[in-house]
Amino acid sequence: MNILFFGPNGSGKGTQGAILKDKYKISHIESGAIFRDNISKGTELGAKAKEYIDKGDLVPDEITIPMILDRLKQDDCKDGWLLDGFPRNKNQAIKLDEALKAANMALDIVIEIILDREIAKNRIMGRRLCVNDNNHPNNIFIDVIKPDGDKCRVCGGELKTRSDDQDEEAIGKRHAIYYDTETGTLASAYYFKGASGIKYIELDGKPSVKDVTAELVSKL
């Protein structure tokens, strides 16, 4: 089972990806981790990517896609993979599709978590981190995990925020890319809609993590 996973920041995509990884024993591949791994290992592609990253430039698809294909061919992906964070635009979707076909690698499923842009922004800005355990879920905009005043709902510990969670301009820029249905990330997801042999699953991202998981598992 080979999967592409789409969803805006704040949709819970990472959480659902981790659940699928454990349930179906497939590898959860995050595109950013592929760059870090190649750079740390000093691979030829990693060295080329680093040149662009160090200059603050985007790494060209001609480097990124071979790096991703190499990762998907590794032993831990032989029983399936879930790719998260790529493609980010329609052109990348086309190139990835061509590269997968050339490598005789099937793409079986595309998952899209649907969430209103304003709700996604609020979820990001509403996140609160417990100083005792960052895994304690607290979010001022989600009723089921709303903190107890300014204290952690799980242990009563002090809460703090991440600076990048409160940067509304940066969140807006990331979401502008994601929600672009002409050339952006949603355009790349829609590229695979109706493609032969690919199952396209749409999920409502508004309910609880448990409810989204239940819907996802029922549709797989």
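Bear in mind that the values here come from a model prediction, so they are computed numbers and not experimental data. (Residues numbered from 1 in each chain as written. Predicted model: local features only at pLDDT ≥ 70, side-chain atom pairs only at ≥ 80, totals over all residues. Heavy atoms only, no water.)

## Brief notes about the environment of Ile109
In step 1: Relative to the helices and strands, Ile109 is located in strand E4 (residues 109–114).
In step 2: According to the relative accessible area criterion, Ile109 is buried, its value standing at 7%.
In step 3: As for Ile109 and Phe192, which are separated by 83 residues in sequence, their C-alpha atoms are 9.3 Å apart.
In step 4: If sequence neighbours within four positions are ignored, Ile109 has contacts with Met1, Asn2, Ile3, Leu4, Ile198, Lys199, Ile201 and Leu220. (Helix = DSSP H or I, 4+ residues; strand = E, 2+ residues; numbered from the N terminus. Buried < 20%, exposed > 50% of the residue type's maximum accessible area, 1.4 Å probe, protein only. Contact = heavy atoms within 4.5 Å.)

## A few points about the UniProt feature "binding site: ATP" (unreviewed entry) in the protein
In step 1: As recorded in UniProt, the feature "binding site: ATP" (unreviewed entry) lies at Gly10, Ser11, Gly12, Lys13, Gly14, Thr15, Arg127 and Pro207.
In step 2: By secondary structure assignment, the location of Gly10 is in the loop between strand E1 (2–6) and helix H1 (13–24).
In step 3: Residue classification places Gly10 among the buried positions, given a relative accessible area of 17%.
In step 4: With respect to the secondary-structure elements, Gly12 resides in the loop between E1 and H1. (UniProt positions renumbered as here; feature names shortened; annotations may be inferred.)

## Observations regarding the sheet that holds E4
In step 1: Strand order in this open sheet of five strands is E2-E3-E1-E4-E7, and the pairing throughout is parallel. The two strands at the open ends of the sheet, each matched to only one other strand, are strand E2 (27–30) and strand E7 (199–204). Taken over all neighbouring pairs, the strand axes of this sheet differ in orientation by 20° on average, direction set aside.
In step 2: One ladder, built from six bridges, connects E4 with E7; its direction is parallel. (Pairing = 2+ DSSP bridges. Axes fitted to C-alpha atoms, helices over the stretch in contact; angles between N-to-C directions.)

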